[in-house]
Amino acid sequence: MTDAPTKTLSLEEVKALAKSVLVSAGLDAHSSEVIADLVRMSERDGPRSHGLRLLPVYAQYLSSGYANPKAAPSIRRIAPGVLRGDGDNGFYQVAALAARAELIEMARENGIAAFTCANCHHLGALRFDTGPLAEAGLVALGVVNSLSMVVPQGGVRPVFGTNPMSFACPRPGGEPIVWDQASSMVALMDIKMAAAEGHDLPRAGGLDTDGQPSTDPNAILETRSLLPFGEHKGAAIAFLIEVLGAALAGGTLSVDNQERESFEALNIKGGATLIAIDPSRFGNPAFNDYIARICAEIEGNGAARVPGDGRLKNRAAAQVNGVSVAPDLLAQLQAL
C-alpha cells in the first residue's frame, strides 16, 4: 500500500487557503491577513510545523471563544523607551504589528526600546516578530512564555513552557540574521507533527509514562513533560523568559493554565516582550564590520552555518517550487 500523493501549493495558494480558514472561523479581515501571511512565511522558511498545521489550532481558539476574533489591541507609551500593549484577547502578532513603527522610532530616539504585551495569544514562529526590526537596521530580541510542560532539571513536574526566544540583527550586504528556538529540547508543534506523520523524534525530547527520556512523540504528548535543552542551562533560559515574558508584561504564568484547560486550547495567554536596539547609538561605528567578521568565521568552517540561515535555502526552494501538503492535512483544512 502506497501513501497518498501530496499536493503542491504555491505560496500565494498557501496564504489564500490560510485566509479562507481564518475568515470562516470568524477572524476579522485585518487579523486574517496578518496571520495568513505568517502561515505563508512559515511554510516558505520553516519550520512548517508552524504553518498550515497551526490553522486548526487558530480555528479552535476562535470557535471555542478562547480568542477574540475582532480584537482591537491598545498600545500606550508608559516610559521614554517602553510601550505597553493589551492584545484585547486577540493574537499577539496583530498587536506587535500595530506597535512596530513606534517601537522602531523609540529605539532610534533612545538607543533601546521595548514593547511588552499581555492579554494575547502567541502562536507561530517568533522570528517574524524580530525579523522586521532587523530589516529596519535594529538588533532585536523577542520572548514569550507558554503553558507549563517543561520539567526543570531534577524536577518531577512541568513548571515552564517551551518558552521560545528569537534574536535578529542586520547583516551587511545580505539578509538579516534571524533565529528562533524553544527552551525545550524540541518545540511542541514539532512533537505534534512527528506524531501526526508517524515517526519518532531524532533525539529524546520528553519523558514517557515511566519518567524516562523518550523519542516517541505520542508518549511525550501523553505525559506533556518535555525536557529543557542543555539540561539545567535550558531550564535557566526558560526561567529568564518567564520573567521577561510573563512577569514584565503581566501575562499568565506558565503554571496557571486553568482557563486554557477549560477551552481545551493549546496555549495560555502568556506575556510577550520585544526589545529593539539601535546599534548606531551604542558608540561603535564598526558594528557592521564586527557582524561581517563573525559571519565570516562561521561560513566555510566545516559544515557550520550562521544561526537561522537554513531558512534561506528553504525560502529559495519554496519560492520556485511551492510546498508539498499532505492529503490528510489538506482535507482537514478544507473541512474547516
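Above this note sits the structure.
Residues numbered from 1 in each chain as written. Predicted model: local features only at pLDDT ≥ 70, side-chain atom pairs only at ≥ 80, totals over all residues. Heavy atoms only, no water.

### Looking at the pairing of strand S6 (residues 165–171)
For S6, the tally of buried residues reaches six of seven residues, placing the bulk of the element in the interior. With four bridges connecting them, strand S5 (residues 139–144) and S6 associate as antiparallel partners. Its bridge partner being in S6, Val143 is matched across the sheet by Met165. Inspection of the sheet shows S6 paired to strand S7 (residues 174–181) by six bridges, in the antiparallel sense. Pairing of Met165 across the sheet is with Gln181, part of S7. Hairpin connection from S6 to S7: two residues lie between these consecutive antiparallel strands, with Gly173 at a positive phi of about 75°. (Buried < 20%, exposed > 50% of the residue type's maximum accessible area, 1.4 Å probe, protein only. Helix = DSSP H or I, 4+ residues; strand = E, 2+ residues; numbered from the N terminus. Pairing = 2+ DSSP bridges.)

### Let's talk about the nonpolar core
Core analysis: the biggest nonpolar cluster contains 50 residues, and Ile35, Leu52, Leu55, Tyr58, Tyr61 and Phe91 have the highest contact counts within it. Among the secondary structure elements, those contributing two or more residues to this core are helix H1 (11–24), helix H2 (29–45), helix H3 (55–63), helix H6 (188–197), strand S11 (323–325) and helix H12 (327–335). Setting aside its immediate chain neighbours within four residues, Tyr58 contacts Leu22, Ile35, Phe91, Gln93, Leu123 and Gly124. By size, the runner-up hydrophobic cluster in this structure holds 21 residues, among which are Ala96, Phe115, Leu133 and Val144. (Core = buried A, V, L, I, M, F, W, Y, C linked by side-chain atoms within 4.5 Å. Contact = heavy atoms within 4.5 Å.)

### Observations concerning the packing of aromatic side chains
Within a pair of aromatic rings, the relevant descriptors are the distance that separates the centres and the angle that separates the planes. The tally for this structure, following the rule as stated, stands at six aromatic pairs. The interplanar angle of 75° and the centroid separation of 5.1 Å between the aromatic rings of Tyr61 and Tyr66 together place this pair among those described as edge-to-face. Residue classification places Tyr61 among the buried residues on the basis of a relative accessible area of 0%. Residue Tyr66 is classed as buried on the basis of its relative accessible area, which comes to 2%. On the basis of an interplanar angle of 80° and a centroid distance of 6.4 Å, the ring pair of Phe160 and Phe239 is categorised as edge-to-face. With Phe160 in the loop between S5 and S6 and Phe239 in helix H8 (residues 232–249), this pair connects stretches of sequence that are 79 residues apart. Of the residues examined, Phe239 reaches a relative accessible area of 52% and is grouped as exposed. (Phe/Tyr/Trp six-rings, centres within 6.5 Å; stacked < 30°, edge-to-face > 60°.)

### Observations concerning the sheet that holds S6
As summarised here, the arrangement of the seven strands in space is S2-S3-S4-S10-S5-S6-S7, forming an open sheet in which the pairing is mixed. The open sheet is flanked by strand S2 (74–79) and S7, the only strands paired with a single partner. This sheet shows a mean twist of 15° between the axes of neighbouring strands, independent of strand direction. Strand direction decides the pairing type here: S5 and strand S10 (residues 272–277), joined by six bridges, are antiparallel. (Axes fitted to C-alpha atoms, helices over the stretch in contact; angles between N-to-C directions.)

### Observations concerning the pairing of S2
Both S2 and strand S3 (residues 82–91) contribute to a ladder of five bridges, which runs antiparallel. Within S3, the position partnered with Ser74 by the bridge is Asp86.

### Regarding the packing of H1 against H3
Between H1 and H3, the least distance of the axes is 9 Å, while the angle of their chain directions is 15°. Comparing the axis directions of H1 and H3 gives the class roughly parallel. The crossing of H1 and H3 is right-handed. Within the contact between the two elements, H1 uses Ala18, Val21 and Leu22 and H3 uses Leu55, Tyr58 and Leu62. Class assignment of the residues belonging to the contact of H1 with H3 gives a composition of six nonpolar, no polar and no charged. (Parallel < 35°, antiparallel > 145°, perpendicular 65-115°, else oblique. Left-handed = near helix turned anticlockwise from the far one by under 90°. Nonpolar A, V, L, I, M, F, W, Y, C, P; charged D, E, K, R; others polar.)

Purely geometric numbers; function is a separate question.
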